[in-house]
Amino acid sequence: MKKFPEGFYWGAATASYQVEGGIENTDWAKAARDGRVPPCGLACDHYHRYEQDFDIARELGHTAHRLSVEWARIEPEEGKFDAEAIAHYRQVLTALHARGLKPFVTVWHFTQPLWFSLTGGFERADAPERFARYAAYVVKELGDLCGHFSTMNEPAVFASNGWLRGSWPPFKRFALTDLVSITNSGRQYEARATKGLAPLFLYLRVMKHLALAHNAAYEAIKKISPQTEVSVVKHVIVFDANWNPFNKLKAFLANYFWTYKFMNRVVRHCDSIGLNYYFYTQFGDKRTWRKTDMDWNFAPEHIFDALMMLSRYKLPLFVSEGGIADAADTGRAEYIRRQVEGTYLAIRAGADVRGHMYWSLLDNYEWALGFAKRFGLVAVNYETQERTIRPSAYVYKKICEANAIVE
Ligand code: FCB
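Everything numeric in this text was worked out from a predicted model, so none of it was measured. (Residues numbered from 1 in each chain as written. Predicted model: local features only at pLDDT ≥ 70, side-chain atom pairs only at ≥ 80, totals over all residues. Heavy atoms only, no water.)

1. A look at the packing of aromatic side chains
- On inspection of all chains with the given rule, the structure shows 43 aromatic pairs.
- For the ring pair tyrosine 17 and tyrosine 365, a centre distance of 5.7 Å and an interplane angle of 80° mean the geometry is edge-to-face. Placement of tyrosine 17 in helix 1 (residues 16-19) and of tyrosine 365 in the loop between strand 13 (353-359) and strand 14 (378-381) is noted, with a sequence separation of 348 residues between them. Taken individually, tyrosine 17 and tyrosine 365 each receive the classification buried, so the pair is uniform in this respect.
- One aromatic cluster in this structure is built from Trp71, Trp108, Trp115, Phe116, Phe122, Phe131, Tyr134, Phe158 and Trp163.
- The ring of phenylalanine 104 carries the charged tip of lysine 102 above its face, separated from the ring centre by 5.3 Å.
- Across from the ring centre of phenylalanine 298, 3.7 Å away, lies the NZ or CZ of arginine 290, which sits over that ring. (Phe/Tyr/Trp six-rings, centres within 6.5 Å; stacked < 30°, edge-to-face > 60°. Helix = DSSP H or I, 4+ residues; strand = E, 2+ residues; numbered from the N terminus. Buried < 20%, exposed > 50% of the residue type's maximum accessible area, 1.4 Å probe, protein only. Lys NZ or Arg CZ within 6 Å of the ring centre and 35° of its normal.)

As structure tokens, then:
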């Protein structure tokens, strides 16, 4: 039996905008009103159904849960904080504790309040201070109910989709064409982006501001709550290469620009690092890969490489996301097993991994792709809000309960 360390955390992740429903004062809600991305609407109505959802997580053997709080609910106007939003999240965290689930809270997961995005968002020179003020407020209000906060989710994904590809707000595109079109459930969403050379410089500026924002948030949090564990959640793409030295150079540069450059800027302000793993790609690869519903390579075991890449920072790690869109649920059990196996091997190879959170507990709003992609351990019927546990969730449950890969 492949045993995990004692006290290892098992669970799943969600993010506020993708599951809660009813959030209208964000850049994404505005983009949906402008017809540039699919509307999010009620999503999973998790805002009202979190207790039921956490009951399911407990039933599935989870001992931890990663969620995010919504900046636009907590700070709907610049510098004005909403006591009701805090009261809500206090209830959410209390509900987790009541079920024996350790919360991992992400302070900000992609969506921004309109007051911030309309005035430049992370292009703003004062973005790091604005962000740090918000992050510190969250920890001041919720820190007694949660010992672990991640400042932000996937900075490189956020900035590259918003400022290089132009497929996410604020739709700026480093390209010669301005049209990003996405077909979703038979409907065509066309986001006309601002094209040209400028987005590249803005992307670099945003990446820098995100690193500064993390560092400022870390310091602000530590000032009021030194014992709180603070991490960043990093999306790692494993760029690999075949034998060809030119391809090896490409992979080296890609890993540097996607992962290490940002990590080098923030690692001195991290108590631990969360890994989101979805992609393995090899330059010079001749294989034909089996694909997930996202059309991504089915390569869960390469989470091993991603964890080894981050282990160079000599900090505790946890898998904050990793999972598969698989509406038919025919590949998820195998995917999870191989992903967990990769994590196990990384621990054996010396990575200090403390927990594993599958993405996601529930089917949810998959950003520009709307509701078509199904990542959940639990299926959601968006008409009735009915939850159905998928068979693969029970395979994961066995692992969680045994704290081991059971044969
Ligand atoms: C990650 C995001 C998460 C989800 C998964 C599929 O990049 O953090 O919100 O959309 O991808």
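2. What about the sheet that holds strand 11 (residues 272-283)?
- Strand order in the closed barrel formed by eight strands is 2-3-4-5-10-11-12-13, and the pairing between neighbours is parallel. Neighbouring strand axes in the sheet, compared pairwise and without regard to direction, differ in orientation by 30° on average.
- Note that strand 10 (residues 229-241) and strand 11 share eleven bridges and pair parallel. Along strand 11, the bridge assignment pairs alanine 241 with phenylalanine 283.
- Of the strands in this sheet, strand 2 (9-13), strand 11, strand 12 (317-322) and strand 13 touch helix 12 (residues 332-348), which is tilted by about 165° from strand 13. (Pairing = 2+ DSSP bridges. Axes fitted to C-alpha atoms, helices over the stretch in contact; angles between N-to-C directions. Contact = heavy atoms within 4.5 Å.)

3. Some thoughts on the packing of helix 5 (residues 83-98) against helix 7 (residues 127-142)
- Contact geometry for helix 5 and helix 7: axes closest at 10 Å, N-to-C directions at 55°. Looking at the two axes, helix 5 sits oblique to helix 7. With respect to the hand of their crossing, helix 5 and helix 7 are arranged in right-handed fashion. Two secondary-structure elements touch here, helix 5 through Ile86, Tyr89, Arg90 and Leu93 and helix 7 through Tyr137, Glu141 and Leu142.
- Here the residues of the contact of helix 5 with helix 7 are counted per class, giving five nonpolar, no polar and two charged. (Parallel < 35°, antiparallel > 145°, perpendicular 65-115°, else oblique. Left-handed = near helix turned anticlockwise from the far one by under 90°. Nonpolar A, V, L, I, M, F, W, Y, C, P; charged D, E, K, R; others polar.)

4. Some details on unusual backbone geometry
- In this structure, proline 170 follows proline 169 across a cis peptide bond, with omega equal to 5°.
- With respect to the helices, strands and loops of the structure, proline 170 is situated in the loop between helix 8 (155-165) and strand 6 (172-173).
- A cis amide bond links tryptophan 359 with the next residue in sequence, serine 360, at an omega value of 10°.
- Within the secondary structure, serine 360 sits in the loop between strand 13 and strand 14.
- Even without glycine at this site, phenylalanine 171 takes up a positive phi of about 55°.
- The class for phenylalanine 171 is buried, based on a relative accessible area of 3%.
- Positive phi outside glycine occurs at aspartate 329, with the angle close to 60°.

5. Let's talk about the environment of glycine 22
- As for its position among the elements, glycine 22 is in the loop between helix 1 and helix 2 (27-33).
- Note on glycine 22: relative accessible area 46%, which makes it partly exposed.
- Here the alpha-carbon distance between glycine 22 and arginine 173, two residues 151 residues apart in the chain, equals 29 Å.
- Glycine 22 has contacts with Gly41, Leu42 and Arg73, leaving out every residue within four places of it along the chain.

6. Describing the nonpolar core
- Among the nonpolar cores identified, the biggest contains 125 residues, and Val69, Ile74, Phe122, Phe131, Phe158, Leu210 and Phe262 are the most heavily contacted of them.
- Setting aside chain neighbours within four positions, we find valine 69 in contact with Ser16, Ile74, Tyr89, Val105, Thr106, Val107, Tyr134, Val138 and Leu142.
- Counting residues in each nonpolar core, the second largest holds eleven residues, with Ala64, Tyr278, Phe318 and Phe375 among its members. (Core = buried A, V, L, I, M, F, W, Y, C linked by side-chain atoms within 4.5 Å.)

7. Some remarks on the site of the ligand
- Neighbouring the ligand are Gln18, His109, Phe110, Asn153, Glu154, Asn276, Tyr278, Glu321, Trp359, Glu366, Trp367 and Phe375.
- Contact between the ligand and histidine 109: an oxygen atom at 2.8 Å from a side-chain N or O atom of the residue.
- For the ligand, an oxygen atom lies 2.6 Å from a polar atom in the side chain of glutamate 366.
- When the ligand is considered free in solution it has 290 Å² of accessible area, and contact with the protein chains removes 96% of it.
- Here the residues of the shell around the ligand sort into five nonpolar, four polar and three charged. (Near = heavy atom within 4 Å. Polar contact = N/O pair within 3.5 Å; in protein donor to acceptor, adjacent residues only side chain to side chain. Areas by Shrake-Rupley, 256 points an atom, 1.4 Å probe, with all protein chains shown as cover.)

8. Here's the deal with the pairing of strand 14
- Pairing between strand 14 and strand 15 (residues 386-389): four bridges, direction antiparallel. Residue pairing for strand 15: valine 378 is matched across the bridge by isoleucine 389.

9. Comments concerning the side chain of threonine 14
- Positionally, threonine 14 belongs in the loop between strand 2 and helix 1.
- Excluding residues that lie within four positions of it along the chain, threonine 14 makes contacts with Val19, His65, Arg66, Leu67, Ser68, Trp359, Ser360 and Leu361.

10. Some points on the packing of helix 11 (residues 303-311) against helix 12
- Close contact between helix 11 and helix 12 brings their axes to 8 Å; oriented N to C, the two are set at 35°. Crossing of helix 11 over helix 12 shows right-handed handedness. Seen from helix 11, the contacting residues are Ile303, Phe304, Leu307 and Met308; seen from helix 12, they are Gln339, Gly342, Thr343, Leu345 and Ala346.
- Partitioning the contact of helix 11 with helix 12 into residue classes produces six nonpolar, three polar and no charged.

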